[in-house]
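Descriptive structure summary
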Amino acid sequence: MPIERDLRGYGRARPDIVWPNGARVAVSLVVNFEEGAELAVEQGDAETERYGEVASTSPPGVRDLVQEQVFDYGMRAGLWRFLDAFADADVRSTFMMCGRAVERVPELARAVIEAGHEPAVHGWRWLPHARYGDAETERRDIERTRDVIARATGVTPVGFMTRGSQSAWTRDILIDLGFAYDSNALDDDLPYWSRSPHGSMLILPCGFDTNDMKFFHPNGFVQPDDFSGYVSAAVATLIEEAERGRSAMLSIGFHLRICGRPARFRAVKAILAELARLEGRVWVATRVDIANHFRGAASERRT
């Protein structure tokens, strides 16, 4: 069933959410685990993924080793920088995992979860779910991704987000499969409920502006301070609003092959340092923990 567009949201009647540490701003660190799931002639695709550090110069049907290596760096080197930095900062994040990537390097996916992070479904391949022409094929790939992650890590993911847009059926499929939350939304600063004849789905919005993908945008970030400064400004605004009683959550997005690079990783370190400085004024948590707390707080308000 098509998703009905909602231009009103909460309006002035926003829920009064206080996060577990007493803060009114929840911060979700999200890392994409998708390298090896992108379009590649090496995988039998007709062409190579063209969005990246550099645009692929190979014609369709010709393998592009350079573009593959740009992606490979994320798993080979970037992943360990993130895991070490998160451990040093004592924070937990959500890793959006593509099923094909996990299938290729299950031991790396397992290392992520053993470090205390949350796995979530990011599609079988690094492709928009809007491309699915039927619900049955999409459902099969979501189930396959969930099961591959569960086998590799020992944890069954309960969250979902696809690259780009979801399909008209995605959310209903997630409801039927019992997912706890869907993050395919850019339209609010707080979780909210989406309802359909299939039931209700808790939506945890993301933000593409506070995302390192903007290093690959021609009008985006260039220096590490561009990204960390932008994120700091977002957090500062939400804290100012929190002081007036307005609760919020903020998603900060990373990619292993983007901010996993040495220069751009300075932005990650700066963001973690800023979040540590704001301890008590923000709550840094996995998306499943944010979803569970929001769901519990909503239940309390109804009783």
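Predicted, not measured: the structure shown is a model, and the values here were computed from it. (Residues numbered from 1 in each chain as written. Predicted model: local features only at pLDDT ≥ 70, side-chain atom pairs only at ≥ 80, totals over all residues. Heavy atoms only, no water.)

1. Remarks on the pattern of salt bridges
Our working definition: What counts as a salt bridge is simple: a side-chain nitrogen of Lys or Arg found within 4 Å of a carboxyl oxygen of Asp or Glu. Numbering of helices and strands starts at the N terminus; helices are DSSP runs of H or I of at least 4 residues and strands are runs of E of at least 2. With a 1.4 Å probe rolled over the protein chains alone, any residue whose accessible area is under 20% of its type maximum counts as buried; one over 50% counts as exposed, and the rest are partly exposed.
In the structure shown here, the tally under the stated rule is 21 salt bridges. Note that Arg139 and Glu143 form a salt bridge whose closest N and O atoms lie 4.0 Å from each other. Highlighted residues: Arg139 and Glu143, both in helix α4 (residues 135–153), separated by four residues, approximately one helical turn. The partner of Arg277 in a salt bridge is Glu274, and the shortest N-O contact between them spans 2.8 Å. In this pair, Arg277 and Glu274 both sit in helix α7 (residues 262–277), three residues apart, roughly one turn of the helix. The class for Arg277 is exposed, based on a relative accessible area of 59%. One salt-bridge network, in which partners are shared between bridges, spans Glu34, Glu35 and Arg257.

2. Some thoughts on helix α6 (residues 224–242)
Operational definition: In this scheme, a helix's expected span is set at 1.5 Å multiplied by one less than its residue total. The directions considered for the arc run from the helix axis to the C-beta atoms. Contacts are residue-level and defined by heavy atoms, with any inter-residue pair within 4.5 Å sufficient.
With 19 residues, α6 should cover 27 Å at 1.5 Å per step; its first-to-last C-alpha distance of 27 Å lies within 8% of that length. What α6 keeps buried is the set Pro224, Phe227, Ser228, Val231, Ala234, Val235, Leu238, Ile239, Glu241 and Ala242. Buried positions in α6, seen along its axis, are confined to an arc of 165° and lie on one side of it. Elements that come into contact with the buried residues of α6 comprise β1 (25–33), β8 (248–255), α7 and β9 (282–284).

3. Some points on the packing of aromatic side chains
For clarity, the cut-off: Pairing of aromatic rings covers Phe, Tyr and Trp, the last counted by its six-membered ring, and requires centre-to-centre distances within 6.5 Å; plane angles under 30 degrees mean stacked, over 60 mean edge-to-face, and any other angle means tilted. Geometrically, a lysine NZ or arginine CZ counts as sitting over a ring once it is within 6 Å of the ring centre and also within 35 degrees of the ring normal.
Per the stated rule, a full pass over the model turns up 11 aromatic pairs. For the ring pair Tyr51 and Phe216, a centre distance of 6.2 Å and an interplane angle of 65° mean the geometry is edge-to-face. Note that Tyr51 is positioned in the loop between β1 and α1 (65–89) and Phe216 in the loop between β7 (199–203) and α6, a separation of 165 residues in sequence. Between the aromatic rings of Phe82 and Phe86, the centroid separation amounts to 5.8 Å while the plane-to-plane angle is 55°, which identifies the pairing as tilted. With a gap of four residues between them, Phe82 and Phe86 both fall in helix α1, about one helical turn apart. Phe86 carries the same exposure label as Phe82, and that label is buried. Each residue in the set Phe82, Phe86, Phe215, Phe221, Phe227, Tyr230, Phe254 and Phe265 is aromatic and connected to the rest through ring pairs, giving one cluster. Residue placement shows Arg144 over the ring face of Trp124; its charged tip is 3.8 Å from the ring centre. Above the plane of the ring of Trp126 lies Arg257, whose end atom (NZ or CZ) is 4.8 Å from the centre.

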